[in-house]
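Observations on the three-dimensional arrangement
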Amino acid sequence: MPESVTVADLVKANRLDVYSGEDHLDRLITTSDISRPGLELTGYFNYYPAKRIQLLGITETSFAKGMTHEKMLDVMRKMCQPETPAFVISTQLDPPEELKQSAEEAEIPILGTKLTTSRVLSNMTNFLEGKLAERQSVHGVLVDIYGVGVMITGDSGVGKSETALELVKRGHRLIADDRVEVYQQDEQTLVGAAPAILSHLLEIRGIGIIDVMNLFGAGAVRAETDIDLIVHLQAWKDDNHFDRLGNNSESQKFFDVVVPKITIPVRTGRNLAIIVEAAAMNFRARSMGYDATKVFDENLNRLIKQNSQNK
Amino acid sequence: MEKREFHVTAETGIHARPATLLVQSASKFSSEVSLQYQDKSVNLKSIMGVMSLGVGQNADITITTDGEDEADAMTAIAETMTKEGLSD
């Protein structure tokens, strides 16, 4: 379920100034779309997207200056709908008097920034999309290993949290244990975070709940990360075939994002943390253009060719 | 102990993919399975060992199985060889 976002959250995240309406910052924002009212200023209100943040820049405010007071007040009152969350004025411009008056009547805050319209537009869109995206709760552990976001999945008791603990001890960062809140940030990016109540916590059988930030310091935790790789831990079975060369292409899909996945057999005595760490490094090397399996394969084919010609 | 010779007919030799499959069939059995090529012998349950030989087309290889299920192991490996077009 998407989190609810208030105007106050937006102000805090984008460091906006509050010009008026401080008492009404608890208004809810329900869409990540942002409206730039242009035609509305001319009086055309069909399709006016009232529930969006209304962003006014140089073009809009300078056009407004040419309007009569009565016309302007009429337009501004129409723009201040009960579902309109807030007005944002870019480039440190002064809000028109008529807007101040109508926004006050409708109890809608007016916010401002010194950033340009396009910059504040993209900042606000990114923030709102992250906050309002659909979320999925996944059973797993999310760790940042050398900048690679690795989600460790597997049945209960297979050793996910214990692996995470050792990874943290080895200098990597914990994002979430047991429950990862996953959302799609854009077409290719999947982001995971901990539910607020669980952040920084790990549950280790036999010890109970430990606070990783408290035990290992601020460097051991991270609020959220892109999910680049899924490492699935599976109990060892003799008749199961595991990837021997690293050339299979398993993956798992969340929303529209396909995330590469590897399955690691778990057997007592295998040091899982080091294996997961190596998997992350190998993934990193691969995304930087070096694929050990591919290089080996090419070398092998060359050797085979040579051996064939010797005949 | 069972011993059998194979003549590798596949143009690409025993490259990564068929090597994996051979190792998979060999690993199902408890018998010791080895592959001999020229004067080198490797454990057929070890993937890196098998690939390190770089067995090419027209090579003659000898496969040996030794243990309780040696006959079944040999049959399974021979089957994989034929199925993958490595040998007739």
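Residues numbered from 1 in each chain as written. Chains lettered and ligands numbered in written order. Predicted model: local features only at pLDDT ≥ 70, side-chain atom pairs only at ≥ 80, totals over all residues. Heavy atoms only, no water.

1. Digging into the overall build of chain B
Helix and strand counts for chain B come out as 3 helices and 4 strands. Each helix and strand of chain B, placed in order from N terminus to C terminus, yields the pattern β-α-β-β-α-β-α. Its C-alpha atoms give chain B a radius of gyration of 11 Å, near enough to 12 Å, the size a compact globule of 88 residues would have. Reported as C-alpha extents along the three principal axes, the dimensions of chain B are approximately 35 × 25 × 20 Å. Within chain B, the fraction of its 88 residues that count as buried is 52%. Within chain B, contacts between residues separated by at least 24 positions form 68% of all contacts whose residues are at least 6 apart in sequence. (Helix = DSSP H or I, 4+ residues; strand = E, 2+ residues; numbered from the N terminus. Rg over C-alpha atoms; globule rule 2.2 N^0.38 Å. Buried < 20%, exposed > 50% of the residue type's maximum accessible area, 1.4 Å probe, protein only. Contact = heavy atoms within 4.5 Å.)

2. Topic: the overall build of chain A
Across its full length, chain A holds 9 helices and 19 strands. For a compact globule of 311 residues, the expected C-alpha radius of gyration is about 19 Å, and chain A comes in at 27 Å, more than 25% above that figure. Taken over the C-alpha atoms alone, chain A extends approximately 95 × 60 × 30 Å along its principal axes. Residues classed as buried in chain A amount to 44% of the 311 residues present. Put simply, 69% of the contacts in chain A that link residues at least 6 apart link residues at least 24 apart. A total accessible area of about 16,500 Å² is found for chain A, and carbon and sulfur atoms account for 48% of it. Each charge class in chain A can be summarised by its mean position, and for the 34 positive and 43 negative side chains these summaries are 8 Å apart. (Areas by Shrake-Rupley, 256 points an atom, 1.4 Å probe, with all protein chains shown as cover. Lys, Arg positive; Asp, Glu negative; His and termini not counted. Charge placed at Lys NZ, Arg CZ, Asp CG, Glu CD.)

3. Topic: the side chain of T6 of chain A
Residue and element names in this part refer to chain A. In this fold, T6 is placed in strand β1 (residues 5-6). The exposure class of T6 is buried, given its relative accessible area of 18%. Excluding residues within four positions of it along the chain, T6 makes contact with L25, D26, R27, L28 and I29.

4. A closer look at the pattern of salt bridges
All names here are of chain A. Tallying each qualifying case throughout the model produces 10 salt bridges over all chains. Where R36 meets E60, a salt bridge forms, and the shortest distance between an N and an O atom there is 3.3 Å. With R36 in the loop between β4 (34-35) and β5 (53-56) and E60 in helix α2 (residues 58-65), the pair connects residues that are 24 residues apart, well separated along the chain. The exposure class assigned to E60 is buried, which follows from its relative accessible area of 7%. (Salt bridge = Lys/Arg side-chain N within 4 Å of Asp/Glu carboxyl O.)

5. Some points on the interface of chain B and chain A
Residue-level contacts link 21 residues of chain B with 12 residues of chain A. Taken together, the two surfaces of chain B and chain A that pack against each other cover about 1,300 Å², and 62% of this comes from carbon and sulfur. Remark: the boundary between chain B and chain A carries 0 salt bridges. Where chain B meets chain A, there are 3 residue pairs in polar contact (both at pLDDT 80 or more). Looking at the side of chain B that touches chain A, the elements with two or more residues in it are α1 (16-27) and α2 (47-53) of chain B. For the side of chain B that touches chain A, the per-class residue count stands at 9 nonpolar, 10 polar and 2 charged. (Buried area = accessible area lost by both parts, 1.4 Å probe. Polar contact = N/O pair within 3.5 Å; in protein donor to acceptor, adjacent residues only side chain to side chain. Nonpolar A, V, L, I, M, F, W, Y, C, P; charged D, E, K, R; others polar.)

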